[in-house]
Each structure stands twice: as structure tokens, then as C-alpha cells.
Amino acid sequence: MAGGLSVSAPSGVEFEAKITPIVIISCIMAATGGLMFGYDVGISGGVTSMDDFLGKFFPTVLRKKNEDKDSNYCKYDNHGLQLFTSSLYLAGLTATFFASYTTRRLGRRLTMLIAGVFFLVGVVFNGAAQDLAMLLVGRILLGCGVGFANQAVPLFLSEIAPTRIRGGLNILFQLNVTIGILFANLVNYGTAKIHPWGWRLSLSLAGIPALLLTLGALFVTDTPNSLIERGRLEEGKAVLKKIRGTDNVEPEFNEIVEASRIAQEVKHPFRNLLQRRNRPQLVIAVLLQIFQQFTGINAIMFYAPVLFNTLGFKNDASLYSAVITGAVNVLSTLVSVYSVDRVGRRMLLLEAGVQMFLSQVAVAVVLGIKVTDHSDNLGHGWAIMVVVMVCTFVSSFAWSWGPLGWLIPSETFPLETRSAGQSVTVCVNLLFTFVIAQAFLSMLCHLKYAIFAFFSAWVVVMSLFVLFFLPETKNVPIEEMTERVWKQHWFWKRYMDGDNHHIVDGKITANNGASV
């Protein structure tokens, strides 16, 4: 089998490879970057619903929460509170530009190590925060870690995994994101009862996944593709033998060397991304990130306790409900790990579109009828229905748009634009994550229950895009995407120009290296 970013033999016969313990261990260690990301996503919502935290950093929000003069939907509408959550993603967006350089020049492993160090320092600032400035510095450092981890980890996983389990192993990153969110929800449930410093414990425990990622990055080996790309050919071949579990790696090694040689000719990878033949991958990568955020998932995951509080759940009940949605998230991501390389990417996305649409419309209808500005007479039965519908939504996202939003871009870009493509993917994702995180509580205040109708309309749009424009990529070796996927697609084939050449900085080069 070909490695994630290496190739199959030209005849279509797959290269020899075993699923070796080193591949599994390396992927699990690398995917702890997802654990850290998930913990950061999940912890902020629970902490911002704690009175001790609000009293120290956001006393005006605490007053609004307790006075009940404002609309139920507007209790938490505060730009500073939203900035606490969203600053992480803005910092991640900025860090991605630097992470693209380190991923290419220093390797995937070292970039993951840098991410781990940023995470550890950020955790110290957050746990020891004495004022809002210190709190935001900690979140910004965590954001830098997210930028570096999200750049390096999906590439690392795609490059080290054999083709037939590439999807499943890559989704380990997303699985760890969901485990991180669940862990954060459980921690918040426990620390909410510890006064007045429970929130400090919540923020400090992020040090556990941060330490796991840092130690993991110290012990894993870099990918053969990264080593060869940096001119360390013999080391790359030795690593390839080790991760493939065979000495018969010459054909695959030669293909990686050739792909690397073509990639080296690219002096301006971002400019190359804009060339006509790379447009399908770029458009799909960008739209998948935008669509992923406009499902509304991060609004629910960031602010689950706040959201349930808004709907009239008491503090314990709101955190308890957030734990339930977190558990559903983890279990449903396991469905994706099992099925993504069996039923394919498109089927999961389309099925989930129907499920997400119906569940969000149901929540909007219930809230429209039962939760007004100044009364939240949901009642026990309706409250359970809301949690069930939110869980239905979360589960469908977790086996579709969550993991596949990262997997599909990481496996569709050719090597010469792969690092730049991953950088654009992460940037767009973090930009729209920031937008949603910064705007959600204000949107909830102004749109009220219609916020769910807003997101469900987007689900319709993205499902139509998948139906007509997203090709199936399961079980296709990455370097064969052009021939087997893009040139066969009814719409995207027009961008391939019907040739078999690599276009490098304006020069057309045949696959044998000769200029045309």
C-alpha cells in the first residue's frame, strides 16, 4: 500500500506494506494534537458559565445573568466574553502562516513539538491568570499551538498511513478532538462545585493533553515524505522500511523521490495553488471549511453549557447535558473511523445533511413555541427532547463534516502544493471558527430560536454542493487523484486540460522531468 502522501505503482498495483505497530503508535501520539484542540474548544463554554469565573473577569455578565431583566437569549451577550473564546482561533489563524514554513522546512515532527510548547506555556498563563489581559495572553498562546498542530498533524497522519486505512487513521485526529471536548465537559461538571478556584483547575488540566503532544512529538519519527523533501534520502528510505514493515520499498521510495523533485521546483507554492489545474482542490478545501463552521457545530460545542443555561436548564443540568452531547460526539466519530473507507466520504456527508437539517429545524420549532424572552417553560419532557435533538445533530456532524472537513483536503492536494494547501485549509477553518465564536452569543440574542433555522439553511446549501461537486476519494492513492478523480468528474475535468503534465511556476514539466 502507498503511504498517505506517496503513490501506488503506475499500473495501479498497490505497493507492499503492512499496518505496523510503529504506524499505529505514531498516529495515536500525533493525534493527541486533536485532544488538545478539543479540550480548548470544550473548556471555554463550561468555564464561562461558572459564576466564580464571571465574577472575577466579567462582572457585568454575572449581574445580567442574575438580574433576569434581559431576554433569556441575551444574558451572555458580551463581546469581551466572546473574545475570551474567539481569541484562540484568531491567534491560530496567524500562527498557521508560520506553521506552513516550519512544516515544509523543519518537518512535521518538529512543528508538532513547537505546538506542544505553545500549549504548555499557554496553559500556565490561563491557570494562573490574575486579570483579563493575562487570561487573553494564555488563550492567544494556546491559539498559536492550535495553528501549528492543525497544520502538521493531519499531514503527518496522511503521509504515514497505508492507503486503505488512510481515512480511518486520519480521523484519529478528529476522534481525539471529540475526546478532548468530552474530557473538558466532564472536568467542568466536576470543577463547577469547587469554589472559588474551580475554573483555574479546568483551565490548568489542559496541561495533560499538552504534555502528551509534546512527549509524542519527541518520540515519533518524521514521515519519509518530509525527510526526502528535505534531502535526507537514506534516512527517508530507512523510515519507509520501518513503517511499511518490509524491505521491498524501492518502487514507493522512487515515486516519493520523484514527487519530491517536482515539489522542489515549486518556488512559490501559494502562487501555484491559484493555477487552473489546482483550482478544484482549492475550491473544495476552502468551501468544506466554511461549510463545516456554518453547520453550527462549534456554536454548540463552545457554548453548550451557556446554551442550555439560556434554555432554562439550571447550572448542573446544563453541564450535565453538555457532557451527554460530548459523549455522543466521541461515539459517533468512531462510526466514521469504521465506515469512512467502506461506504465513502460522499455517502456520510449526504446522510448527515438530512439528519442535521431535521434536528435543527425541530430545535428551532420547540424553542420558538416554548422559550420566550422572559420565560423558559420548557418543562422536563421538552427539555429532554431538545437535548435529544442536539445529540442527533452532534452525532451526524461527528461522523461526517467533523472528520471529513479535515480528511478530504489533506488527501486531495498534489505534493507540490500540499503544505500550502493545508495552510489555506487551516487558515479558512480558523477564520470562520473565529467569526462564529465571536458572533454566536450576539446572534443568539438577536435571532433567538431562529439561529437554528439559520444554520439549517446552510446545511441544505452544503449538502447540494456535496451532491453535485464533491467527488469520491475513498481508496484512491493520493498521487493518483488527478487521473482517477479530477479527470473523471463531470465538472472539475475541465480544469485538468486533458494533459498529464505538472505545471510548476508557469513552466509545464512532463512526468519524466523534461520541459515541454
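The rules behind the values
Residues numbered from 1 in each chain as written. Predicted model: local features only at pLDDT ≥ 70, side-chain atom pairs only at ≥ 80, totals over all residues. Heavy atoms only, no water. Patch = residues over 30% accessible without salt bridge, like charges linked within 9 Å, V, L, I, M, F, W, Y side chains within 5 Å. Areas by Shrake-Rupley, 256 points an atom, 1.4 Å probe, with all protein chains shown as cover. Salt bridge = Lys/Arg side-chain N within 4 Å of Asp/Glu carboxyl O. Helix = DSSP H or I, 4+ residues; strand = E, 2+ residues; numbered from the N terminus. Core = buried A, V, L, I, M, F, W, Y, C linked by side-chain atoms within 4.5 Å. Buried < 20%, exposed > 50% of the residue type's maximum accessible area, 1.4 Å probe, protein only. Contact = heavy atoms within 4.5 Å. Arc of directions from axis to C-beta. Disulfide = S-S within 2.5 Å. Phe/Tyr/Trp six-rings, centres within 6.5 Å; stacked < 30°, edge-to-face > 60°. Lys NZ or Arg CZ within 6 Å of the ring centre and 35° of its normal.

Enquirer: How should a nonpolar patch on the surface be read in this particular structure?
Expert: Judged by side-chain polarity, Val 354, Phe 357, Leu 358, Val 361, Val 365, Ile 369, Val 460, Leu 464, Leu 467, Phe 468 and Trp 490 come together as a nonpolar surface patch covering roughly 1000 Å² of accessible area. Of all elements in the fold, only helix H18 (345–370) and helix H22 (450–469) reach the threshold of two or more residues within the nonpolar patch. Mapped onto the secondary structure, Leu 358 falls in helix H18.

Enquirer: Would you mind showing me how to read the nonpolar core here?
Expert: Taken as a class, soluble globular proteins show a tendency for nonpolar side chains to be buried jointly. Membership of the largest hydrophobic core comes to 151 residues, with the highest contact counts inside it found for Phe 53, Phe 119, Trp 401 and Phe 440. Among the elements that make up this core, the one with the highest residue count is helix H21 (residues 415–447) (13 residues). Dropping the residues within four chain positions of it, Phe 53 is found in contact with Val 47, Thr 48, Phe 58, Phe 84, Leu 135 and Trp 199.

Enquirer: What's the story with helix H1 (residues 21–30) in this structure? I'm lost.
Expert: Because an α-helix packs 3.6 residues into every turn, residues spaced three or four apart end up facing the same way. Taken together, the buried positions of H1 are Val 23, Ser 26, Cys 27 and Ala 30. Seen end-on, H1 carries its buried residues on one side only, within an arc spanning 95°.

Enquirer: Explain the state of the cysteines to me, please; I cannot follow it from the model alone.
Expert: The bond known as a disulfide is covalent and runs between the sulfur atoms of two cysteines. Within the structure shown, the criterion is met by one disulfide. The disulfide partner of Cys 74 is Cys 445, and the S-S distance across this bridge is 1.9 Å. Of note, the bridge from Cys 74 to Cys 445 carries an S-S torsion of about 90° and is right-handed in sense. With Cys 74 in the loop between helix H4 (59–67) and helix H5 (79–105) and Cys 445 in helix H21, the pair connects residues that are 371 residues apart, well separated along the chain. Comparing Cys 74 with Cys 445, the two get one shared label, buried. With no disulfide partner, Cys 144 has as its closest neighbouring cysteine sulfur the one in Cys 427, 13 Å distant. The exposure class of Cys 144 is buried, given its relative accessible area of 16%. For Cys 427, a relative accessible area of 9% puts it in the buried group.

Enquirer: Help me understand the packing of aromatic side chains in this model?
Expert: The geometry of an aromatic ring pair comes down to the distance between the two centres and the angle between the two planes. Tallying each qualifying case throughout the model produces 24 aromatic pairs. Seen from their ring centres, Phe 291 and Trp 458 are 6.5 Å apart, and the 55° between their planes marks the pair as tilted. Taken as a pair, Phe 291 in helix H15 (residues 279–294) and Trp 458 in helix H22 lie far apart in primary sequence, 167 residues in all. When its relative accessible area of 5% is taken as the criterion, Phe 291 is described as buried. Positioned over the ring face of Phe 253 is Lys 237, at 4.8 Å from the centre of the ring. It is Arg 342 that lies over the ring of Tyr 338; its NZ or CZ is 4.1 Å from the centre.

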